[in-house]
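# Fold and geometry: a report
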Amino acid sequence: MPAGDSPQETVLALLVRFILSRRVALWLIGMLLGASALGYIIPRDGTPRYERLAAENPSAAALLARLGLDDIFGSPLFGMLLVLVLIAAMAAMIHQARIVWRRTFRKTVPRTESVFATHRAFEDAVVAVRKRGFISSGVVQEQRRYISQPWGLWGGFLLHVGLVVAIMAGMVVIGTERRAVVDLAVGEILERQGMWLYEEGGRLSAPLVLDDSLLIESVEPSFWPSDEVRQVTSVLRFLDEPVSGPVTVEVNRPVRRSGVTYYQDQTFGYTFLLEVTRDGVLDRLRADIPWPVDRNTPSYENITLGENDQLQLRCYADEDRASMLATPVIAARYASSDDTSEPATLTTGAPVEVGPLAVTLVDTLRWSRIIMVRNHGVGVLFAGFFMIFAGSALIYMTAPREIYIAETSEGSRVTWRAFRFRESVIGEFDALKDELNGSDAT
C-alpha cells in the first residue's frame, strides 16, 4: 500500500480502475446490445405477436413469462443493466475530463524523444511553428507552448458525455413511451381515448389519450409493377381543430402533433359493410380484409355468426386480375359443422343468397393501420447520439500536437509531441527540424 493511502482510498481506486477497464466496458456493452436485440426479437406481452405465440404455443409463452422475457425493456434486470452501463459511462466521462483538462492546461513539460536544439533564434522558431497552424497556449516552465488542433483533445470527453446523455435519455424514453395501434376505415372517427387494437408502454407511462378526436379522410396505396407495396398515404383530420387542415402521413414519413407521433403502417385493406339476414333477423356486420398481396392471390376473412357457423369471405383486388387498384370483388360462403355452401359474389345494394343467409354488400371502404407514439426525451436522445458522433469524428479525424520552445544560450530548443497518430504526423517534426537546421539533442 503506498504511504499515506488509507484502505478505503485503495479500495475506491481499485473499484474505479475496475469500472474503467476495457474488458468491463466491452462486457457491459455486449450484454446491453444482446438484451436490446432480444427485446425486439421476443414478442412483448400484450402485443399481437405475443397473443399469436400464446395461442399457437402456450408452453413457450408461459416459459417467457416465468423467465421475465415477455417484457425485457420493462424488466428490473434490463433497468439494472442500464444503471451499470450509466455508472461506467459516467466514470469514464469524469476520467476523460481529468485527462483532457490536464492536457489542455498543462503545468509541466511532458517527456518526449522528439526534441532538437537549433542555433536559430527563439523568434525564428516561433515563426516556423506559427506558420504551421499552431496556436499559442501560454508559458509552461519558462517554455512557450503552442498547440495544433486543440479541439481534438476533447473528442474522448465529448464521446463519453454523449454516452451518458444517450443512456439517461434512453431510460426516460423506455420508461415513459406509450404506443397504441388502431385500424381506421375512411370516414371513421377515433375518439380521444380510442378503442385501440392494442396499447403498450413503459412502466412509467400513462394510458394514451389524444388531444383531439381523429377522422381518417382517405387511404391511398401505390404499388410497383411487381404488385409489391410502394407507398401508403393516409389523410387525417383532427376534428376539434378543423381550421388546422388535414394531415398527411406516409410510411417512413411520420407526423408529430401535440406530443404524439403518428406513423403509417404498411398494413391496410378493404372494409366491407354487410347486412346479413337469417330467419327474418337482420344483422349489420363489418369485415376488415387485408389488401391482397398481388392481383392473382385473394385475401380472406371469417366472421363468426354463431357457435358452429361462419360467413367466410374471399376478396380479389380486381375481378379481371389486371390491377391492384381496381374495384375489389368479394365472394362469400356459409360454413357450419354440417354443411358448406358454394361461394357467391356479392353485389352492392342487392341481397345475395349464401346458404341460409341473405347477404347485402352495403358499401366498400378502405382502412389503414395508424401507430401513435407518445414519448419524452427523444430529442435529448438524438442529441446524445450527435455528441457521440462528433466525439468520434474528433478522435479519428484530428491529430492534436503540442510544441514547446525554450530559449537557450546557443539559440533555442524545440520539443514536439503528438497525442495520437504519431506515426502519421511525425513528418511535421522532421520538416520543422530541417527548416531550423537543428541537430539532435543530447
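Residues numbered from 1 in each chain as written. Predicted model: local features only at pLDDT ≥ 70, side-chain atom pairs only at ≥ 80, totals over all residues. Heavy atoms only, no water.

## Observations regarding the overall build of the protein
Put simply, the rule is: Under the scheme used here, helices are H or I runs from DSSP no shorter than 4 residues and strands are E runs no shorter than 2 residues, and both carry numbers assigned from the N terminus. All radius of gyration figures rest on C-alpha atoms, and the globule criterion is 2.2 Å times the number of residues raised to 0.38. Only protein chains enter the area calculation, which uses a 1.4 Å probe; residues under 20% of their type maximum are buried, those over 50% are exposed, and those in between are partly exposed. Working rule for contacts: check all heavy atoms of both residues, and any pair within 4.5 Å makes them a contact. In this tally, Asp and Glu contribute negative charge and Lys and Arg positive charge; neither His nor the terminal groups of the chain are included. By convention, charge coordinates are those of NZ in Lys, CZ in Arg, CG in Asp, or CD in Glu.
Tallying secondary structure elements over the protein gives 9 helices and 21 strands in all. Taken over C-alpha atoms, the radius of gyration comes to 35 Å for the protein, far larger than the 22 Å a tight globule of 442 residues would show. Viewed in the frame of its principal axes, the protein has a C-alpha envelope of about 115 × 50 × 40 Å. Classification of the 442 residues of the protein by burial places 42% in the buried group. A separation of at least 24 residues holds for 60% of the contacts in the protein among residues at least 6 apart in sequence. Positive and negative charge centroids in the protein, built from 44 and 52 side chains respectively, lie 14 Å apart.

## A word on the sheet that holds strand β16 (residues 344–345)
To keep things clear, this is the line we draw: Two strands pair if DSSP finds at least two bridges between them.
A sheet is described by the order of its strands in space; here 4 strands give the open sequence β13-β14-β15-β16, paired in antiparallel fashion. Only two strands of the sheet have a single partner each, and these edge strands are β13 (299–304) and β16.

## Considering the pattern of salt bridges
Inclusion rule: The salt bridge criterion pairs a side-chain nitrogen of Lys or Arg with a carboxyl oxygen of Asp or Glu, the two atoms within 4 Å.
Across all of its chains, the model carries 20 salt bridges by this definition. In this structure, E217 engages R237 in a salt bridge whose closest nitrogen and oxygen atoms are separated by 2.4 Å. Pair noted here: E217 is in strand β7 (residues 214–223) and R237 is in strand β8 (residues 229–238), with a separation of 20 residues, a long-range link. With a closest N to O distance of 3.5 Å, E402 and R417 form a salt bridge. Taken together, the residues E402 in strand β19 (residues 401–408) and R417 in strand β20 (residues 411–418) connect sequence positions 15 residues apart.

## A short note on the packing of helix α5 (residues 76–104) against helix α7 (residues 155–176)
To keep it simple, the criterion reads: Note on method: axes are straight lines fitted to C-alpha atoms, helices fitted across the in-contact stretch only, with angles between N-to-C directions ranging 0 to 180 degrees. Here the angle decides the label: under 35 degrees means roughly parallel, over 145 means roughly antiparallel, 65 to 115 means roughly perpendicular, and every other value means oblique. We call a crossing left-handed when the near helix sits turned anticlockwise from the far one by less than a right angle, and right-handed when that turn is clockwise. Basically, the charged four are Asp, Glu, Lys and Arg, the nonpolar ten are Ala, Val, Leu, Ile, Met, Phe, Trp, Tyr, Cys and Pro, and anything else, Gly included, counts as polar.
Relative orientation of the contacting elements α5 and α7 amounts to 155°, with a least axis distance of 8 Å. When the axis of α5 is compared with that of α7, the two are roughly antiparallel. Crossing of α5 against α7: the hand is left-handed. When α5 is examined against α7, the residues F78, L82, V83, V85, L86, A89, M90, A92, M93, Q96, A97 and V100 are found in contact with a partner set consisting of G156, F157, H160, V161, L163, V164, I167, M168, M171 and I174. The residue makeup of the contact of α5 with α7, split by class, is 19 nonpolar, 3 polar and no charged.

## Quick word on helix α8 (residues 378–397)
For an α-helix, the turn length of 3.6 residues means that residues three or four places apart are oriented alike. For clarity, the threshold we go by: To estimate the expected span of a helix, subtract one from its residue number and multiply by 1.5 Å.
Under the 1.5 Å per step criterion, the end-to-end length of α8 is 28 Å for 20 residues, consistent within 8% with the ideal 28 Å. At its buried positions, α8 is contacted by α7.

## A short note on the nonpolar core
Rules: Put simply, a nonpolar core is a bunch of buried Ala, Val, Leu, Ile, Met, Phe, Trp, Tyr and Cys residues held in one set by side-chain atoms that sit within 4.5 Å of each other.
Counting 46 residues, the largest nonpolar core has Y262, L274, L311, L313, L346, V354 and M372 as the members making the most contacts within it. A per-element tally of this core places strand β11 (residues 260–278) first, with 7 residues. With residues up to four places along the chain from it excluded, the contact list for L311 reads L274, V276, E301, N302, I303, L305, A332, R333, V354, L357 and V359.

## Some words on the side chain of R257
In plain terms, the rule: Each polar contact in these results corresponds to two N or O atoms within 3.5 Å; when the atoms are within protein, one needs to be able to donate a hydrogen and the other to accept it, and residues that are neighboring in sequence are counted only if both atoms are side-chain atoms.
Within the secondary structure, R257 sits in strand β10 (residues 255–257). Its relative accessible area of 17% is what places R257 among the buried residues. Polar contacts involving the side chain of R257 include one to the side chain of D212, which spans 2.5 Å.

## Notes on the sheet that holds strand β9 (residues 247–250)
Read across the sheet, 4 strands follow the order β5-β7-β8-β9 without closing on themselves; strand pairing throughout is antiparallel. One side of each edge strand has no neighbouring strand; the edge strands of this open sheet are β5 (189–190) and β9. As paired elements, β8 and β9 share 4 bridges and run antiparallel to each other. By the bridge assignment, L236 is partnered in β9 with V247.

## A closer look at empty space enclosed by the protein
So the rule is basically this: Cavities and pockets were defined on a 1 Å grid built from protein atoms only: a cavity is a group of points that admits a 1.4 Å probe but offers it no way out, a pocket is an open group of points flanked by protein on both sides within 12 Å along at least five of seven lines, and a lining residue is one with an atom within 4 Å of any such point. Grid points are joined across faces, edges and corners, and a volume is the space filled by probe spheres set on the points.
Taken as a whole and assessed by the stated rule, the structure comprises 1 cavity of 30 Å³ or more. Lining of the largest cavity is provided by L38, G39, I42, P43, R44, L69, D70, D71, I72 and F73. Of the residues that constitute the lining of the largest cavity, the class distribution is 6 nonpolar, 1 polar and 3 charged.

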